[in-house]
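Coordinate analysis (summary)
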Amino acid sequence: MSGDPVKDDVLEVNFDGLVGPTHNYAGLAHGNVASMRHGGLASNPREAALQGLAKMKSLMDAGYAQGVLPPQQRPDLGALRSLGFSGSNAEVLARAGREAPQILRAVCSASSMWTANAATITPSPDAPDGRVHFTPANLQSSFHRYLEPETTGRVLAAIFRDERHFVHHAQLPATPAFSDEGAANHTRLCGEYGEAGVHLFVYGRQAFGGERAPLRYPARQTLEASQAIARQHGLGDARAVFAQQHPDAIDAGVFHNDVIAVGNGPVLLYHEMAFLDEEKTLEALRARMTSPLIPVRVPSEAISLEDAVSTYLFNSQLLSNPDGSMTLVVPGECQENEAVWRTIQDLLLAGYNPISEVTVKDVKQSMRNGGGPACLRLRVVLSAAERQALSGRVLLNDALYADLVAWVERHYRDNLTPDDLADPQLADETLTALDELTRLLGIGNVYPFQLEA
Ligand code: SUG
């Protein structure tokens, strides 16, 4: 704590994505090893949503500020119609299922659950106008995720509506040169949350120039996209560092930086293969930070890239406690891997750094699609006044948790196979559920079907 009451009332709020009713395994994400491996399996949307809610609840109970963001309208019938499928909703779905099953799967994806990819956010202490800045990610790398930003923008604008505190920018042009995957490739490092921070933007390739790029799997973030966001948010050279992700890591399945590094406050926990130029990246951060950087480096000899990808150790949440210590929230898969579990004990918990506790969460339904604890949350650093200015009922408490669990139990199926996606009944169930959800959350009309009505 800095002792300054204005700075001390600033908190990180984790907004987790509620898993949508069409959660399924479609093998849609090239370069995401878990998604590629599990495509075609039956999913359990109800269990997925309840696992996500259980994570939110346990972190709320432990004293962390927890928010929730709604899922999106899926199947995206508008997208199917734009691709030439016509007729009634049932006809559109049946024909897409018959003629283009891959497209149907894509428009049914519940991928908006991974809210780390929803947007990039600059907290108010870092922005020249003293407001919180938001840019939805264009997610243009894949068709199923390219469908997200418009609704994401509407949801964020509905919740962070007060213009005295919040500014919303348009997503970047959805073209390969400005490929943007949001906060999954962005980390804010600072002393206390209320002090000015330094923003680490990690990119996979350069659109205009650049020497190295991955050979096997796509790089989803460009330097040019990261630079554009820094410009939108007013982050000058003193506040922004741009570092290239190691192309060999991308080729090993590290499709976002948050699969190989996580930062919180002054701590940067990372694998030695995270950055193409590790020393230069740390130097650039040190040169800008006002508090000493605390790097926690995990060497390949402790954890291989393959184990990092299969267990998602680096996709953990690193949370600050009032006494200055930090808690690492890891997925269950870390406990099942001997090398990873040993490294957590010997290198992280026993090391000279603020990480003093590890807690394990079961988010297997999401993990099978390549989404760990950190993918499921969007971090928004907010002062007390900014938290007061939020619209809707989106900060989790016991009553909201109970309402959301009951809502999931009322509307979600417990088994979904790729063949079920053409079922018009599923589309109807989803619209009914989402309509009810927007009322439950008090966020107004945000979905295409509500705006068309
Ligand atoms: O974009 N998986 C997501 C996982 C996103 C994880 N997010 C972060 N690392 N921040 C993706 O690759 C798979 C969907 C499917 O195959 O059904 C998917 O989209």
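To be clear, the structure that these remarks concern was listed above.
Described below are features of the structure shown in this document. (Residues numbered from 1 in each chain as written. Predicted model: local features only at pLDDT ≥ 70, side-chain atom pairs only at ≥ 80, totals over all residues. Heavy atoms only, no water.)

**Overview of the nonpolar core**
In plain terms, the rule: What we call a nonpolar core is a set of buried Ala, Val, Leu, Ile, Met, Phe, Trp, Tyr and Cys residues that are connected through their side-chain atoms within 4.5 Å. For every residue, the accessible area obtained with a 1.4 Å probe (protein chains only) is divided by the maximum for its type, and the residue is called buried under 20%, exposed over 50%, and partly exposed between those limits.
Phe15, Phe160 and Leu404 are the most contacted members of the largest nonpolar core, which totals 76 residues. The next biggest cluster of nonpolar side chains, apart from the first, holds 18 residues, and it includes Leu269, Ile303, Leu318 and Cys334.

**Here's the deal with the site of the ligand**
Let me state the cut-off plainly: Neighbouring residues are identified by heavy atoms, a residue being near a molecule or strand if any of them is within 4 Å of it. Here a polar contact means two N or O atoms within 3.5 Å. Within protein one must be a hydrogen donor candidate and the other an acceptor candidate, and residues neighboring in sequence count only if both atoms are side-chain atoms. For accessible areas, the Shrake-Rupley method is used with a probe of radius 1.4 Å. Any residue's cover is judged against the shown protein chains and nothing else. Any residue outside Ala, Val, Leu, Ile, Met, Phe, Trp, Tyr, Cys, Pro, Asp, Glu, Lys and Arg is labelled polar, Gly included; the first ten of those are nonpolar and the last four are charged.
Near the ligand, the surroundings consist of 22 residues, among which Leu28, Ser35, His144, Asp258 and Cys375 are the closest. A distance of 2.8 Å is found between an oxygen atom of the ligand and a side-chain nitrogen or oxygen belonging to arginine 220. Coverage of the ligand by the protein amounts to 100% of the 490 Å² it exposes when considered alone. Its residues assigned to classes, the shell around the ligand comprises 10 nonpolar, nine polar and three charged.

**Points about the pattern of salt bridges**
In plain terms, the rule: The working definition used for a salt bridge is a side-chain nitrogen of Lys or Arg within 4 Å of a carboxyl oxygen of Asp or Glu. Counting from the N terminus, the helices are the DSSP runs of H or I reaching at least four residues and the strands are the DSSP runs of E reaching at least two.
With the rule as written, the count across this model stands at 23 salt bridges. The salt bridge involving arginine 188 is made with aspartate 126; its shortest N-O contact spans 2.6 Å. Placement of the pair is arginine 188 in strand 6 (residues 186-189) and aspartate 126 in the loop between strand 3 (119-122) and strand 4 (132-136), with a sequence separation of 62 residues. Look at arginine 188 and you get buried, because its relative accessible area is 11%. Aspartate 162 serves as the salt-bridge partner of arginine 164, at 2.6 Å between the closest nitrogen and oxygen. Assessed through its relative accessible area of 16%, aspartate 162 is described here as buried. Several salt bridges converge on common partners, so that one network encompasses Lys57, Asp61 and Asp398.

**Details of the pairing of strand 11 (residues 294-298)**
To keep things clear, this is the line we draw: Whether two strands pair depends on DSSP finding at least two bridges between them. The definition of a right-handed crossover adopted here requires that, viewed with the strands pointing away, the path from the first strand over the helix to the second runs clockwise.
Bridge count for strand 10 (residues 267-271) against strand 11 is five bridges, and the pairing is parallel. By the bridge assignment for strand 11, valine 267 is matched with isoleucine 294. Chirality of the crossover, the property in question, places the unit of strand 10, helix 11 (residues 278-288) and strand 11 among those that are right-handed.

**Here's the deal with the environment of alanine 54**
Among the secondary structure elements, alanine 54 is positioned in helix 3 (residues 45-61). With 84 residues separating them in the primary sequence, alanine 54 and asparagine 138 have C-alpha atoms 29 Å apart.

**Some details on the side chain of threonine 22**
Going by this rule: When checking whether two residues touch, look at their non-hydrogen atoms; a contact exists if any pair is within 4.5 Å.
Within the secondary structure, threonine 22 is located in the loop between strand 1 (11-17) and helix 2 (33-38). Side-chain polar atoms of threonine 22 contact the backbone oxygen of cysteine 108, separated by 2.6 Å. Ignoring anything within four residues of it in the chain, the contact list for threonine 22 reads Arg74, Pro75, Cys108, Ser109, Ala110, Leu416, Leu426 and Thr430.

That is the geometry; function is a separate question.
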